[in-house]
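# Structural description and commentary
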Amino acid sequence: MATFRFFAYLDRLRWIKRWGLKRNVIEENVMEHSWQVATIAHALAIIRFELLHNPSTEFSPEEVATTALYHDCSEIITGDLPSPIKYHSSTITDAYKSIETEAEHEILSLLPEPMQPSYTKFLLHKAIHPQVASLVKAADLISAYLKCKAELHAGNKEFSSAANEIEDTIRQLQMAEVDYFMSHFVESYQLTLDELLSQHNPLT
């Protein structure tokens, strides 16, 4: 009986740490980051379609969420390369993108061949719908911003510059669904459990 290692590879995402160049009070791995990006990307799509009344016939919120869930799978092979290094020069950026593409194809090949076409649009960046990619990228930035704010909330000033830079990048996206999420959801991430519960009591 043939065995395939695709999902065993995915399970290794839990051991890949993010933000390797900074001192972290709250450690974050790629697996939990991917889940958060997926939930945010899914929300951005729903905000676009349902609140801003800008529906699409080409993709669904579910496709956006699934794409986001797999968006960092290549890091199983490449590891997490911090952004300051990844974008330090065009030479490094181009080299990393080439390695990333090769890693994506390698991971896709770990699936049974009949399953590969169904996963291609999630695993290969070049096959992702451009608007889906933009929503996933925005969600990735929001997730990074939330990480920075959590570190700052914990008293770790190591993330102060990153928080400002990422927030500026998010604002420059000029995406209405992103602005809505930032305005209506982000602030509550810093609430304690008691504060969350006190603001939402279904019995009152």
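Residues numbered from 1 in each chain as written. Predicted model: local features only at pLDDT ≥ 70, side-chain atom pairs only at ≥ 80, totals over all residues. Heavy atoms only, no water.

Turning our eyes to something else, we now look at the overall build of the protein chain. When helices and strands are counted, the protein chain shows 11 helices and 0 strands. For 204 residues, the compact-globule formula gives about 17 Å, and the C-alpha radius of gyration of the protein chain, at 18 Å, lands near that figure. Based on the C-alpha atoms only, the size of the protein chain along its principal axes is roughly 55 × 40 × 35 Å. Residue burial in the protein chain is summarised as follows: out of 204 residues, 40% are buried. Relative to all contacts within the protein chain whose residues are 6 or more apart in sequence, the contacts with residues 24 or more apart total 68%. In the structure as shown, the protein chain presents an accessible area of about 12,200 Å², 55% of it carried by carbon and sulfur atoms. Treating the 17 positive side-chain charges of the protein chain as one cloud and the 28 negative ones as another, the clouds have centres 4 Å apart. (Helix = DSSP H or I, 4+ residues; strand = E, 2+ residues; numbered from the N terminus. Rg over C-alpha atoms; globule rule 2.2 N^0.38 Å. Buried < 20%, exposed > 50% of the residue type's maximum accessible area, 1.4 Å probe, protein only. Contact = heavy atoms within 4.5 Å. Areas by Shrake-Rupley, 256 points an atom, 1.4 Å probe, with all protein chains shown as cover. Lys, Arg positive; Asp, Glu negative; His and termini not counted. Charge placed at Lys NZ, Arg CZ, Asp CG, Glu CD.)

Right, let's get into the pattern of salt bridges. Proximity of charged atoms lets side chains of opposite charge pair with each other. In total, this model carries 7 salt bridges according to the counting rule given. A salt bridge links Glu167 to Arg171, with the shortest nitrogen-to-oxygen separation between them at 3.6 Å. Taken as a pair, Glu167 and Arg171 lie in helix H9 (residues 160-172) at a separation of 4 residues, close to a single helical turn. A residue is classified by how much of its surface remains accessible, and Glu167, at 23% relative accessible area, is partly exposed. (Salt bridge = Lys/Arg side-chain N within 4 Å of Asp/Glu carboxyl O.)

For the rest of this paragraph, the subject is the confidence of the model for the protein chain. Per-residue confidence for the protein chain averages 92 on the pLDDT scale, and 94% of its residues sit at or above 70. Confidence, read as mean pLDDT per element, is least for helix H5 (residues 83-86) in the protein chain (70) and greatest for helix H3 (residues 61-69) (98). (pLDDT = per-residue confidence, 0-100.)

To continue, consider the packing of helix H2 (residues 30-51) against helix H8 (residues 130-153). Look at H2 against H8: their axes get within 8 Å of each other, and the N-to-C directions meet at 125 degrees. With respect to H8, the axis of H2 lies oblique. Between H2 and H8 lies a crossing whose hand is right-handed. On H8, the residues touching His33, Gln36, Val37, Ile40, Ala41, Leu44, Ala45 and Arg48 of H2 are Gln131, Ser134, Leu135, Val136, Ala138, Ala139, Asp140, Ile142, Ser143 and Leu146. Here the contact of H2 with H8 is composed, by residue class, of 11 nonpolar, 5 polar and 2 charged. (Axes fitted to C-alpha atoms, helices over the stretch in contact; angles between N-to-C directions. Parallel < 35°, antiparallel > 145°, perpendicular 65-115°, else oblique. Left-handed = near helix turned anticlockwise from the far one by under 90°. Nonpolar A, V, L, I, M, F, W, Y, C, P; charged D, E, K, R; others polar.)

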